[in-house]
Each structure stands twice: as C-alpha cells, then as structure tokens.
Amino acid sequence: MLPNFQLTVIGNGDAYDSQRTNASILVQENGYQLLVDCGPTVPSQLFSQIQVDDLDVIYITHCHPDHCLGLTSLLNWMDSYRRKRPLIIIAQQAQWVILEPLIAFSHWPQARLGFDIIRQDSEQLQKIGPWQAMTAMTQHSVRNLSLHLISQSGDRLFYSGDGQISSEGEQLALQSDWVFIECETLESHYSHGSWHSIQHLLQKNQLSKSDCQWRLYHIDPNYRQELSQLIRPYDFIQLAERGEQLIAPIRSLKIKSI
C-alpha cells in the first residue's frame, strides 16, 4: 500500500541534457496520482512505473517543449493500451493553443482518444484532487506558473518550474516541507533560476531551522559538479536525482534507482 503522501523524481535534467530525463515529478496520496510536466524523455520513464489507468492528472508549468512535448507519446501509450478513465490536464489558458495539437497527434488518424481529456486552466487554481493548490509566476521567457500543494496530512510541496521565482513563490517555498527549484546556471540569468538568485532563500531557510528537504533540478550539465560543492554548507539541500523518493513524514527519505 502506498504511503499517504509521496513524491518520485521522474527526471531532473534540463532541455538538452543527454544523460538525464527532462525535469518531472510524480506526486501521490492515497492512490491519487499527479504528474508535473511531461517533456519528450519523460514517457519512457513512466512506462515501467505506472499502468495506463493510474494517472489522474497532469499539470504543465509552461509549454516549452521540454515540459510538454511528451504528452503526445504518453497519451498515445494510454490509448493504445485501452485506457478508459478520464484524464485531467491542467495548463495555462493562453497555452492550450500549444497543447491541443499535441493531444490531437496522440490519436491521429483516429478522430479522438478512447478516453476523455478534462481540460482545466491553471490560473486561479485552488484544488487538485485531494490537495489544496496555489500557483505563482516566475520570470521566464514564457509565462510559467510554479505549483504549491498542501496534502491532506498538512505536508507542503513547492515546485518552481522554470525561471526566477517571484516574491510570492519565495514565500510559498519558505513555508514548504519539500522544495524543488530550478537552478540552470551559477550566475544570474534573466529567465532561469540560478545559484546566484536562490542563495538568499537558502540562508533564510537555514535561519528558520525548519525540518525540510530542498532539491535543485534542471541544471546545465556544465555546472553540476561545481554546484554540488556550493551546496555542501546547507544540510537540507541536494541535487535532485532521478528515482529519488520523498515520503511523508519528512524525516523518511529514500533514494533508489529506477
């Protein structure tokens, strides 16, 4: 039986990392399953982990290819193996124009999928399945909405998506038990998270002495080794690794390979 609330890192790589799956996480509570982002290399990791009827909802932080292009393959796999349950997809209203062709291609040349897609807009989001939900914008080259969840047992998750997080996002991160923040570069970047831009957050969290786990992901491979050294003074933060599981309560952390 699944733990009450758990998270699995499906991928931790950036758009062009040849060694790592595109950034994505799978969140579960009492059998309800949420996939956050679905880049082109994500589906192959899911095929061996879930059944076609398992996923309840997919949340897309933004519609750059490394965060949504895998939808076509994932939905086609579900359809090929006769999924019947409706699937919820949550995305920004203005970005559905990107997602709709991806969904249509998943069942081409058939007129439709063998199951329903329930479309939801992420603006003003208040609930996903059993969880309270909030979003916060980041500074990115396209509009990105970070996701904050509160589990039924009160555990809090913050997932930044891409970009420099806003002051609202910073507050959500500092209130959370599990924090995933993009850290593409070391120096400040106009549209990506960086070590430079998140250091002050780490110091604030360290001063609060809260019991939490932070993970950096979506990292340019050229900076991973140096970044792994820079985070050493902070005992609550690591580089995210594919296959890592966070299991509530927070002190119960397991890492395994997929």
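Refer to the structure presented above.
Rules and cut-offs
Residues numbered from 1 in each chain as written. Predicted model: local features only at pLDDT ≥ 70, side-chain atom pairs only at ≥ 80, totals over all residues. Heavy atoms only, no water. Helix = DSSP H or I, 4+ residues; strand = E, 2+ residues; numbered from the N terminus. Expected span 1.5 Å × (residues − 1). Buried < 20%, exposed > 50% of the residue type's maximum accessible area, 1.4 Å probe, protein only. Arc of directions from axis to C-beta. Contact = heavy atoms within 4.5 Å. 1 Å grid on protein atoms, 1.4 Å probe; cavity = no way out; pocket = protein on both sides within 12 Å on 5 of 7 lines; lining within 4 Å. Points joined across faces, edges and corners; volume = space filled by probe spheres on them. Nonpolar A, V, L, I, M, F, W, Y, C, P; charged D, E, K, R; others polar.

J.: Help me get a handle on helix H4 (residues 96-107), residues and values and all.
T.: Helical periodicity: at 3.6 residues per turn, an α-helix aligns residues three or four positions apart in one direction. Between its first and last C-alpha atoms H4 spans 17 Å; for 12 residues at 1.5 Å apiece the expected length is 16 Å, and the two agree. Burial in H4 covers these residues: Trp96, Leu99, Leu102, Ile103, Ser106 and His107. Along H4, the residues classed as buried sweep out an arc of 130° about the axis, all on the same side. Along H4, the residues that are exposed and aim more than 90 degrees away from the buried face are Val97 and Phe105. Elements that come into contact with the buried residues of H4 comprise helix H2 (65-68), helix H3 (71-80), strand S5 (87-91) and strand S6 (117-121).

J.: Go over the environment of Phe47 with me, naming the residues and quoting the values.
T.: The topology assignment puts Phe47 in the loop between helix H1 (43-46) and strand S4 (57-59). Assessed through its relative accessible area of 36%, Phe47 is described here as partly exposed. In this structure the C-alpha to C-alpha distance between Phe47 and Trp77, which are 30 residues apart in sequence, comes to 8.3 Å. Filtering out sequence-adjacent residues up to four positions away, Phe47 remains in contact with Leu74 and Trp77.

J.: Tell me what's going on with the layout of surface pockets, and back it up with residues and numbers.
T.: Reported here for the largest pocket is a volume of approximately 210 Å³. Lining of the largest pocket is provided by 13 residues; of these, Asp14, Ala15, Tyr16, Asp66 and His218 occupy positions nearest its centre. Of the residues belonging to the lining of the largest pocket, the class tally is 4 nonpolar, 5 polar and 4 charged.

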